[in-house]
Amino acid sequence: SQKIEQNSEALNIQEGKTATLTCNYTNYSPAYLQWYRQDPGRGPVFLLLIRENEKEKRKERLKVTFDTTLKQSLFHITASQPADSATYLCALVFSGGYNKLIFGAGTRLAVHP
Amino acid sequence: GAVVSQHPSRVICKSGTSVKIECRSLDFQATTMFWYRQFPKQSLMLMATSNEGSKATYEQGVEKDKFLINHASLTLSTLTVTSAHPEDSSFYICSAPPVAGGNTEAFFGQGTRLTVV
């Protein structure tokens, strides 16, 4: 069966440290992988996307890697801040049709001062 | 970026009544909208794809007669939960999908918290 797995346990880290979140998938061959941030009671907000032929993408304090052999993406937040506390969702995008996004359940990150 | 406005943000209704949720694209035209449902601590589950000028496409297991979707114009898509029951209580979110082959982001509404009592 097709699955997308993200750490179900909350990730607690100290301010200033690097947070690393994992997204693993099976039986999919996505064209793109996207990461979103979701705050409680709000819709997701886009952060980064990476194509299947890209290994790494960066944006300010954010970095995403994509290993299509391992079927895994890692999402890093460097110099983390309490304001980074949220749930982070990975989403697989399949080209063609309506470009559907298939989401993982998300990992809740808590950055402590 | 594009703005998707969703209303209401919260609604409480009695069991057996119907609730309409609106999703508007404010600064762009959306021929397609996705509707998701999210239960606490779970993933966004795609319910259906609304298409302007034609019938919606529903995902497997989603009752089309219960979740009525209308895409009346290029800027408005609506989801009506008919004869709502407590198990329909959830967080509903609309989204304009990525364009250009998926090489862009999806834009989400603020979400609607539905509570059926």
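Scroll up a little and you will see the structure.
None of these values were measured; they are calculated from a predicted model.

Student: Account for the pattern of salt bridges, naming residues and giving values.
Tutor: On inspection of all chains with the given rule, the structure shows nine salt bridges over all chains. When the shortest N-O distance is used, the salt bridge between Arg-58 of chain A and Glu-56 of chain A registers 2.9 Å. The residue Glu-59 of chain B makes a salt bridge to Lys-100 of chain A at a minimum N-O spacing of 2.8 Å. Of this pair, Glu-59 of chain B sits in the loop between strand S6 (57-58) and strand S7 (67-73) while Lys-100 of chain A sits in the loop between strand S9 (86-93) and strand S10 (101-103), on two different chains. On the accessibility criterion, Lys-100 of chain A (28% relative accessible area) is partly exposed.

Student: Can you tell me about the interface of chain A and chain B, naming the residues and giving the values?
Tutor: Opposite the 21 residues of chain A that make contact, chain B presents 26 residues. Roughly 1,800 Å² is buried in total at the junction of chain A and chain B, and carbon and sulfur atoms are behind 54% of that figure. Between the two partners, chain A and chain B, sit one salt bridge. Taken together, the connections running from chain A to chain B amount to six residue pairs in polar contact (both at pLDDT 80 or more).

Student: Please set out the state of the cysteines residue by residue, giving values where relevant.
Tutor: This structure, assessed with the given rule, holds two disulfides over all chains. Between Cys-23 of chain A and Cys-90 of chain A runs a disulfide, and the two sulfur atoms are separated by 2.0 Å. Disulfide Cys-23 of chain A-Cys-90 of chain A: torsion about the S-S bond near 60 degrees, hence right-handed. One end of the pair, Cys-23 of chain A, is in strand S3 (residues 19-26); the other, Cys-90 of chain A, is in strand S9, and 67 residues separate them in sequence. Residue class for Cys-90 of chain A comes out buried when judged on its relative accessible area of 0%. Here Cys-23 of chain B connects covalently by a disulfide to Cys-94 of chain B, the sulfurs 2.0 Å from one another. The disulfide joining Cys-23 of chain B to Cys-94 of chain B has a torsion of about 80 degrees about its S-S bond and is therefore right-handed. Highlighted residues: Cys-23 of chain B in strand S3 (residues 19-25) and Cys-94 of chain B in strand S9 (residues 90-96), separated in sequence by 71 residues. Grouping residues by exposure puts Cys-23 of chain B and Cys-94 of chain B together as buried. Cys-13 of chain B carries a free sulfur, and the closest cysteine sulfur to it, the one in Cys-94 of chain B, is 18 Å from it.

What counts as what
- Residues numbered from 1 in each chain as written.
- Chains lettered and ligands numbered in written order.
- Predicted model: local features only at pLDDT ≥ 70, side-chain atom pairs only at ≥ 80, totals over all residues.
- Heavy atoms only, no water.
- Salt bridge = Lys/Arg side-chain N within 4 Å of Asp/Glu carboxyl O.
- Helix = DSSP H or I, 4+ residues; strand = E, 2+ residues; numbered from the N terminus.
- Buried < 20%, exposed > 50% of the residue type's maximum accessible area, 1.4 Å probe, protein only.
- Contact = heavy atoms within 4.5 Å.
- Buried area = accessible area lost by both parts, 1.4 Å probe.
- Polar contact = N/O pair within 3.5 Å; in protein donor to acceptor, adjacent residues only side chain to side chain.
- Disulfide = S-S within 2.5 Å.

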